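Spelled out, the chains give:
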Amino acid sequence: MTNMDYSNEFETLLENYLPSEGGNGKKVVGTLESKDRNFCLLDVPGEGTPVRVRTEELENYNVGDEVEVMLVGETPEGEYLIGSRRRIEMEAGWEHLKKAFNEKEKVTGKVLKEIKGGYIVEVFSHQTFLPKSLSEAKDANEIVGKTFDFLVKEIKEDKKGKKVTVSRKDIILAEKDEEFKKINIGDVTEGIVTEILPFGIVVAIGKLRGFIHISELSWKKSEKIEGYNVGDTIKVKVIELEENKKNIKLSIKSLTKNPWDVAAETFKVDDVVDGKVTKLLQYGALVEILDGVEGLVHISDLTWNKKKLSVSEFLKVGDVVKVKILELKPESRKLKLGVKQLSADPWEDAETKYAVGNKLSGKIAEVKPYGIFVEIEDGIDVFIHQADFCWTGSKKFEKGQEIEFQVIELDTEERRIKGSIKLLEESPWEKALKEFKVGDIVEKPIKNIQDFGVFVNLENGVDGFIPTQLLSKEFIKDIKAKFKVGDVVKGKIIEIDREKQRIKISVKAYELDAERNETRELLEKYGTAGE
């Protein structure tokens, strides 16, 4: 359907609004004699009958004014001639419309009402048609009853009447073209926020529309848009123009200097600065040293301690911390920061301070099922296995407890230290070496029975071993049938192995010695050993 298919509705409107055709079309000038709600009467020299004109056509005239009208008929009774001021205005208006169409001049008109497919617009006293596609309006409320500039898109005159199509869109596009030509990249201007999207903000600049991507709102990385509302007036900078679409790309962050450029001018490697923790990561923390400039403190740069730790043990979001700049590359927005570098590496003189055999003290930092970690200074922990807690039995420790220990292993390359608490005391074995010697007779309870012999408890933590063949001078077929745990046996120490920390006992040797002694005593006393 074309725009001109609405001609029947135009004609109906005109018939309802204009006087009936008739008269001779003669133009006359008369004096306005009277004016009431519906009609005005004119006194026209040379006409014997008053001329009646609808009051709505002479709204801008007063009694006594001279008015030119066109005679278009008379009343049925012949009482009045019928005149029309609008016919005069339409005749002149038609010429204006044709001139505007031919010379592509804009015209001004008032939108009267909405009809199917568009709107009726009065221009130069003519009813013209404005298609919705050319109205630049979302609904009738935006334009009905209002006056705008239009461009005459089509004009036609035939036996059926005069038909005119106008466009508001062409005017707005032309205005946009003019406004767009005046805008340059780098311009700073003001705009009104019209829409907020998840990825940016739409801004009206005059009749043009601009867009600020979320990445252009701030030098900081943002995941969502905050602090802006529809209707806000904001200052923006033009960073890109798309002439074919009349699109304008805008930026707010470009109104200020790139903070990475500021960082390049302000800081250098090895500088110590204050920063604010903005985010904790599994492998480190982000610290902001300048508005829009964040750097990474890797977990390995938090402490000299190589033990696996959690970032949250050292920092939390919002903390203000001192950091050292380890690497600064503004061109690639790379900033590496460190915390441990603010203190000397405690491992530099570790070979002297933590030599094997040194006795140290510290506070328990962690308690594990297999041992404990003792912090001896910031960044250095010592591991003590549970086997090194004590010579016998077991001990329990608590986090924060102060303890003493002896260094038993130092690895400066791997930055590991092992310690022992039990070495601070003499071992049961050393005590046993002082107390027992080969040839001593001992009388001790059986602690454990095996097929190959029994173990007896010599001292706390030190066992003696009696092989099966040495349990008696007699042959023992089943030692478990002859002995039980707790039985006290008497034997002779026949071997002490320092390297293997083993003491061998012989009941058989003791029995044979006892037998020989008894024989010797009998011989000495009676001269006979007896039967």
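The sections below set out a description of the structure shown in this document.

So, how was this worked out
Residues numbered from 1 in each chain as written. Predicted model: local features only at pLDDT ≥ 70, side-chain atom pairs only at ≥ 80, totals over all residues. Heavy atoms only, no water. Helix = DSSP H or I, 4+ residues; strand = E, 2+ residues; numbered from the N terminus. Rg over C-alpha atoms; globule rule 2.2 N^0.38 Å. Buried < 20%, exposed > 50% of the residue type's maximum accessible area, 1.4 Å probe, protein only. Areas by Shrake-Rupley, 256 points an atom, 1.4 Å probe, with all protein chains shown as cover. Lys, Arg positive; Asp, Glu negative; His and termini not counted. Charge placed at Lys NZ, Arg CZ, Asp CG, Glu CD. Phe/Tyr/Trp six-rings, centres within 6.5 Å; stacked < 30°, edge-to-face > 60°. Lys NZ or Arg CZ within 6 Å of the ring centre and 35° of its normal. Pairing = 2+ DSSP bridges. Axes fitted to C-alpha atoms, helices over the stretch in contact; angles between N-to-C directions. Contact = heavy atoms within 4.5 Å. Polar contact = N/O pair within 3.5 Å; in protein donor to acceptor, adjacent residues only side chain to side chain. Arc of directions from axis to C-beta.

**What about the overall build of the protein?**
And step 1. Along the protein, the regular secondary structure elements total eight helices and 30 strands.
And step 2. Taken over the C-alpha trace, the protein has a radius of gyration of 56 Å; the compact-globule value for 531 residues is 24 Å, which it surpasses by more than 25%.
And step 3. Across the 531 residues in the protein, those meeting the buried criterion constitute 38%.
And step 4. Taken as a whole, the protein presents about 31,600 Å² of accessible surface, with 46% of it coming from carbon and sulfur.
And step 5. Charged side chains of the protein number 87 positive and 99 negative; the gap between the two group centres comes to 4 Å.

**A few points about the packing of aromatic side chains**
Pairs of aromatic rings are described using the distance from one ring centre to the other and the angle between the two planes.
And step 1. Tallying each qualifying case throughout the model produces eight aromatic pairs.
And step 2. Ring centres 6.4 Å apart and planes at 85 degrees place the aromatic pair Phe 148 and Phe 150 in the edge-to-face group. Like Phe 148, the residue Phe 150 is buried in the burial classification.
And step 3. Relative to Phe 397, the ring of Phe 389 has its centre 4.9 Å away and its plane inclined at 75 degrees; by these criteria the two rings are edge-to-face. In this pair, the class of Phe 389 matches that of Phe 397, namely buried.
And step 4. An aromatic cluster is present here, built from Tyr 370, Phe 373 and Phe 383 joined pairwise through their rings.
And step 5. Cation over ring: Lys 162 sits above Trp 94, and NZ or CZ is 5.3 Å from the ring centre.
And step 6. Above the ring of Phe 148, the side-chain terminus of Arg 168 is found at 4.3 Å from the ring centroid.

**What to know about unusual backbone geometry**
And step 1. Despite not being glycine, Glu 136 has its phi angle at roughly 60 degrees, a positive value.
And step 2. For Glu 136, the location among the structural elements is in the loop between strand 8 (126-131) and strand 9 (147-158).

**Observations regarding the pairing of strand 6 (residues 106-115)**
And step 1. Note that strand 6 and strand 9 share five bridges and pair antiparallel. Within strand 9, the residue paired with Thr 108 across the bridge is Asp 149.
And step 2. Where strand 6 meets strand 7 (residues 118-123), five bridges bridge the pair, whose relative direction is antiparallel. If you follow Ile 115 over to strand 7, its bridge partner there is Gly 118.
And step 3. Between the end of strand 6 and the start of strand 7, which pair antiparallel, lie two residues, with Gly 117 showing a positive phi angle near 85 degrees.

**Remarks on the sheet that holds strand 5 (residues 81-84)**
And step 1. Taken in spatial order, the five strands of this closed barrel run 1-2-3-5-4, and their pairing is mixed. For this sheet the average axis-to-axis angle between neighbouring strands, irrespective of direction, equals 55 degrees.
And step 2. Packed onto the sheet, helix 2 (residues 85-103) meets strand 1 (27-35), strand 3 (51-54), strand 4 (66-74) and strand 5 and runs at close to 105 degrees relative to strand 4.

**Looking at the side chain of Thr 468**
And step 1. Take Thr 468: it is sitting in the loop between strand 28 (462-467) and helix 7 (479-482).
And step 2. There is a polar contact of 3.1 Å between the side chain of Thr 468 and the backbone nitrogen of Gly 453.
And step 3. Contact partners of Thr 468, with chain neighbours within four places excluded, come to Asp 451, Phe 452, Gly 453 and Ile 479.

**Side note on helix 6 (residues 428-435)**
And step 1. Listed as buried for helix 6 are Pro 428, Trp 429, Ala 432 and Leu 433. Buried residues along helix 6 cover an arc of 140 degrees about the axis, so they all sit on one side.
And step 2. Those residues of helix 6 that are buried lie in contact with strand 28, strand 29 (488-497) and strand 30 (502-506).

By themselves, these are just geometric observations and shouldn't be taken as functional.
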